[in-house]
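Chain by chain, the residues run as shown.
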Amino acid sequence: MVLLAAAYRPAPPNPRTAETAPALSPDTLSISQQRTVQSALQFVVTLGLCPYLLPGVGVPLQHRTEFSAVVRDAVSLDAAPSATLRLYASCTVLLEVAQHPSLGSLLLTHHLGDLLAGLCQLGFGPTEGKGEEARPPEEPKGLTEEKRTHCRKALQSVLDQVYQPLVVRELLILQGGSRQSLHSPGKEAQRPLAQAPAWLRRLCGQLLSERLMRPSGVQAVVRGILEGAGTGAAGGSNAEAAAADWRKCDMIARILASCPQQSLSLEDYYRQVCPQILDLLHIREKLTARQFQRVATTTLLTMVREHPQLAEQYLLRPMLEPLLRCSDRAEMAVEDLPAGTVLVKEAELSRCVEDVFKVYVVGNESSGTLRESLQPALGVVFTLYCFTKQNVSHLRSPCQEILLWFLEKSEMEVAFSTLEAFAGLNAAMHSLHPHCQFGVASEGGALIAVKETISDEDEVLYQKLSWEQWQLETLVDLLSHCQKSGLAGDFFLRCLQELTCVAAEDKAGLDPTPLSCESLLDLEQHREGQKKQLLILQLVAMLCESISDTVFTNVVQVVQFVATTLQRACASLAQDSVGAVEAQTLSMAMGLVAAMLGGAMQLRSSDFAVLQQLVPLLEQISCIHPEPVIQELAADLRITICTHGAFSTHTLGAAAQSTLGKKPGLSRMREATCTGLAGSPDGQAAGTSTGQPCSSPAPSHARSSMFATPSPKEQNKECSLGGERPAESPGAGPSTCGQTPQQLQELLLTAYDPDVPARAAALRSLSRLIAQRDPEALKIQEKLLQVFLENMEHEDAFVYLSAIQGVALLSDMHPETVLPSLLAQYGGTPQGTTGTRTVETRMKVGEVLMRATRALGDVVSKYRDPLIHAFLRGARDPDSSLRASSLSNLGELCQRLQFQLGSVVHEVTSCLTAIARTDREAEVRRAAVHVVVLLLRGLSERATEVLRDVLRDLYRLLKWVVASEHDQVTVLHAQLALEELDDIMRRFLFPPQTLEKKIVVLP
């Protein structure tokens, strides 16, 4: 038998059968055995533990189930041994059971609270227990000190080995949960539970403090409270209810912010707890992340309010450390590190920005400590914001919100100083270290690395100037979000005041002392002053161009703007150096005040109080200005302000109408004169009401000289083209409906006016006539098309954009005649023009074609072939800018065609593949890959049908670009396209399962 057993070789087990599973532990219980053990434990707890607890210790039996209430009456407290000894025996047995792995899990999961209550009473409760009064005198009294010590150690052991959030929840129930009355829905509320005794409340508080001071104790306390409210793994509707319970989060925050008595000192408590509070912000669990972040934010804000210095040292500085690490005043020797060394990784920087957003922006508390702690890192945040504006990054929105929060919560002077530091006007703010730079990261974020040293000084200067220009553009875009609060208007006025000082210094001239006599410090200061002047001029120009039309939100800002302009005019008049710019700005400012006083807005008594600051300036202008009309207008404005509008002259009304009633297509002189005459109250001298030409003599008060006097040529043109104008009510706005042939002819002539604003206004008026389908304009649409095409050659953006709009409207109305002409211009090279100018014109024509494509909508399929062929030919042009523009237009066109692409998709794919692989210019390769992105993004789920034959070729092209392309932007576009393709294929292969219930009514 021994030999037979030794020779036995069993077959290898089949991995698909049950015998290959890992063997269970010998003490593993089956389902029926677990039920048996649970029943036995329930009998032990019900009969041997709960009846002997003191009032207020634990949850009594009568408040649990009806069966437990019946069992309570079957227990006799008078029988021997005493109640304390019975409780001790039951707890000792349960502790022995808890040592077994299988049995202990069942016991500690269902009866942990009862076991803790018994051990607390035995180890820390009073010596006289329940039923002690009826004890026979011969029995020993209570427990010995040795047994009580044993119970204390057992309690500590149980607390240490059990899941800590569960321990916290049970201790909270023991400490204060029994003060509430328990009742079930649909039943009458039971009588309230007995209050926990004082010794038990103190003991539970001490034990909870010990849990809190342990490693990961903060998270255990928070989980213990929140999971008890239904935010655990089950989640569901209870989790949503707990998410809206702000009071519970505030209560947890107050607990965490309060230093327990067991701590050595307040600073020691902050040193242990604050890192754990910051860790609460990084929890990624979907069901609990929002609650944990809310608790962490509330706790942090509470600590900042109560102990700002300690909170800044142990909470705010560690949170901002990645941003401060790379500032220009950091202690790190960045210049000694090799180029390309990553100082702040993407995950660390993203987490830092998100934490700042959660605490500062979401918390939204106006605290001086918060603002002061954020200010050293604000320059780095702004630099990161400028970087994200150049790329696609998920950090752009948090950075913008952080900057807007700081500007909104700060005082006005601090906000101004911050904005000036962003613009480079002062160096009071920490910025990114000059040897550091932001880089694009793989997950859509950013990282900070050591900058590579560039030896070419011209390249360094170019990068510096381009970056400063981009910073100003980003700052202006940031200010566009501050217009409602009025900060943008106030900062614009501050820049205008600085501009006034710059103009005064410029008029005063430089110091005649030769530069050789100056010290190097003075020379450096002089250069810094010149740099500041240029920055102010550039910033004011960008603000005027971008947000000047909506920058002012109240009367105070408008009055400050006018006051600044008048001060600059007074300074120029005092130096006898009034130029064209000063004259125009003075006319604009006085016309603006006249419009306000003439009824453009409702003025209250408080507004007139603000206008009083203009009175000294207007008085000064009325005395020293050389023109009598300006003197008279300034005096009238001063009188009107002083009388709160009770006195008003004809000059004031004419100036107001000149500002409010400008007609498009006319020169500035004709706007001021004719509109002022139409607005005169008597109407006797107005040529618009009597049929008299505009060149007839007019009263001096109506013929305002706020604008430049027209030349005789312009006057003759006014007389020959003006004719008779229909009478208009005073203050009537510009109207282009129902134009007469003479007025239309006047607009056509004005479209060739050398004055750029008049020319652009005429083109806008003609475009408006086409949009309104004016019959007179539709009769000469060929001539209008020629006018628009010729104005597209203009170098001013205001003119050629207006012309582009007009051509787009014409192509929308008559595509069969306009589109062929445009396609011919886009594909050919007109004779007698230079190559650069031709390329610019063709790109403008391409913009017109795309606007026409958008306007045509589904009808664009009729012109599919000529449009696609024109753009494909443009993609082979020698000029790289035109190639990139053609590819961009091609992508948008294909995106709109969708199913109507047809067989042309093969030509498009071949073109894109060839360009992406062989073109020498990076911007052209970017455009080619971007076309693929537009195709996939526009077609979405339909891409598998429309691009069925070329989808594999596009996928291979994108993979090749990612693997072989050196341009990072092109690679980023390719990665975005691959992500779009991945989403499309996932939705195609794994469509979402929708559960529907269909109800059929049988006949």
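As the structure is a computational prediction, the values presented were derived from the model and not from experiment.

**Quick look at the overall build of the protein chain**
- For the protein chain, the helix and strand inventory stands at 45 helices and three strands.
- The burial tally for the protein chain puts 45% of its 1003 residues in the buried class.
- In the protein chain, the proportion of contacts linking residues at least 24 apart, taken out of those at least 6 apart, comes to 73%.
- Total accessible area on the protein chain is roughly 51,700 Å²; 54% of this is exposed by carbon and sulfur atoms.

**Some thoughts on the packing of helix 14 (residues 289-306) against helix 15 (residues 308-324)**
- With their axes 6 Å apart at the nearest point, helix 14 and helix 15 run at an angle of 140° to one another. Taken as axis vectors, helix 14 and helix 15 run oblique relative to one another. For the pair helix 14 and helix 15, the crossing hand works out as left-handed. Two secondary-structure elements touch here, helix 14 through Leu300, Met303, Val304, Arg305 and Glu306 and helix 15 through Pro308, Ala311, Leu315 and Leu316.
- Taken together, the residues of the contact of helix 14 with helix 15 break down into seven nonpolar, no polar and two charged.

**A short note on the pairing of strand 3 (residues 446-450)**
- For strand 3, the tally of buried residues reaches four of five residues, placing the bulk of the element in the interior.
- Where strand 1 (residues 342-344) and strand 3 come together, two bridges link them in antiparallel fashion. The residue of strand 3 that forms the bridge with valine 344 is isoleucine 448.
- Pairing geometry for strand 2 (residues 436-440) and strand 3, over five bridges, is antiparallel. The residue bridging glutamine 437 from the neighbouring strand is alanine 449, located in strand 3.
- Turn length for the strand 2-strand 3 hairpin, with the two strands adjacent in sequence and antiparallel, is five residues, and the turn residue glycine 444 shows positive phi of about 85°.

**Some points on the packing of aromatic side chains**
- Counted under the stated rule, the structure contains five aromatic pairs.
- Taking the centre distance of 6.2 Å and the plane angle of 75° together, the rings of tyrosine 269 and tyrosine 270 count as edge-to-face.
- The interplanar angle of 10° and the centroid separation of 4.2 Å between the aromatic rings of phenylalanine 382 and phenylalanine 422 together place this pair among those described as stacked. Of this pair, phenylalanine 382 sits in helix 17 (residues 368-389) while phenylalanine 422 sits in helix 19 (residues 412-423), placing them 40 residues apart in sequence. Here phenylalanine 382 and phenylalanine 422 have matching classes, each one buried.

**Thoughts on the nonpolar core**
- In this structure, Tyr360, Leu566 and Leu614 are the most contacted members of the largest nonpolar core, which totals 174 residues.
- The leading source of residues in this core is helix 17, at 11 residues.
- Not counting residues within four places of it along the chain, the set of residues in contact with leucine 614 comprises Val559, Val562, Ala563, Leu566, Val593 and Ile641.
- Ranked by size, the runner-up nonpolar core spans 81 residues in total, among them Leu789, Cys911, Val950 and Leu981.

**Concerning the environment of leucine 856**
- Within the element layout of this structure, leucine 856 appears in helix 38 (residues 835-856).
- Residues leucine 856 and proline 815, 41 residues apart in the sequence, show an inter-C-alpha distance of 8.5 Å.

**Describing the state of the cysteines**
- Within the structure shown, the criterion is met by zero disulfides.
- Cysteine 436 provides the cysteine sulfur closest to cysteine 326, a residue in no disulfide bond, and the two sulfurs are 4.6 Å apart.
- By relative accessible area, which is 0% here, cysteine 326 ends up buried.
- Here cysteine 386 is not disulfide-linked; the sulfur of cysteine 399 is the nearest cysteine sulfur, at 9.8 Å.

**Points about the UniProt feature "domain: RNA polymerase II assembly factor Rtp1 C-terminal" (unreviewed entry) in the protein chain**
- As recorded in UniProt, the sites labelled "domain: RNA polymerase II assembly factor Rtp1 C-terminal" (unreviewed entry) are residues 744-858 and 950-983.
- With 88% helix and 0% strand, the stretch residues 950-983 has end C-alpha atoms that lie 18 Å from each other.

**So, the pattern of salt bridges**
- Within this structure, the stated rule accounts for 19 salt bridges.
- In this structure, arginine 325 engages glutamate 348 in a salt bridge whose closest nitrogen and oxygen atoms are separated by 2.4 Å. With arginine 325 in the loop between helix 15 and strand 1 and glutamate 348 in helix 16 (residues 346-362), this pair connects stretches of sequence that are 23 residues apart.
- You can call glutamate 348 partly exposed: its relative accessible area is 22%.

**Description of helix 41 (residues 904-918)**
- Given a rise of 1.5 Å per residue, 15 residues ought to cover 21 Å, and the 21 Å separating the end C-alpha atoms of helix 41 matches this to within 8%.
- For helix 41, the full list of buried residues reads Val904, Val905, Val908, Thr909, Cys911, Leu912, Ile915 and Ala916. Axial view of helix 41: buried residues confined to an arc of 165°, hence all on one face.

Scoring rules and cut-offs
- Residues numbered from 1 in each chain as written.
- Predicted model: local features only at pLDDT ≥ 70, side-chain atom pairs only at ≥ 80, totals over all residues.
- Heavy atoms only, no water.
- Helix = DSSP H or I, 4+ residues; strand = E, 2+ residues; numbered from the N terminus.
- Buried < 20%, exposed > 50% of the residue type's maximum accessible area, 1.4 Å probe, protein only.
- Contact = heavy atoms within 4.5 Å.
- Areas by Shrake-Rupley, 256 points an atom, 1.4 Å probe, with all protein chains shown as cover.
- Axes fitted to C-alpha atoms, helices over the stretch in contact; angles between N-to-C directions.
- Parallel < 35°, antiparallel > 145°, perpendicular 65-115°, else oblique.
- Left-handed = near helix turned anticlockwise from the far one by under 90°.
- Nonpolar A, V, L, I, M, F, W, Y, C, P; charged D, E, K, R; others polar.
- Pairing = 2+ DSSP bridges.
- Phe/Tyr/Trp six-rings, centres within 6.5 Å; stacked < 30°, edge-to-face > 60°.
- Core = buried A, V, L, I, M, F, W, Y, C linked by side-chain atoms within 4.5 Å.
- Disulfide = S-S within 2.5 Å.
- UniProt positions renumbered as here; feature names shortened; annotations may be inferred.
- Salt bridge = Lys/Arg side-chain N within 4 Å of Asp/Glu carboxyl O.
- Expected span 1.5 Å × (residues − 1).
- Arc of directions from axis to C-beta.

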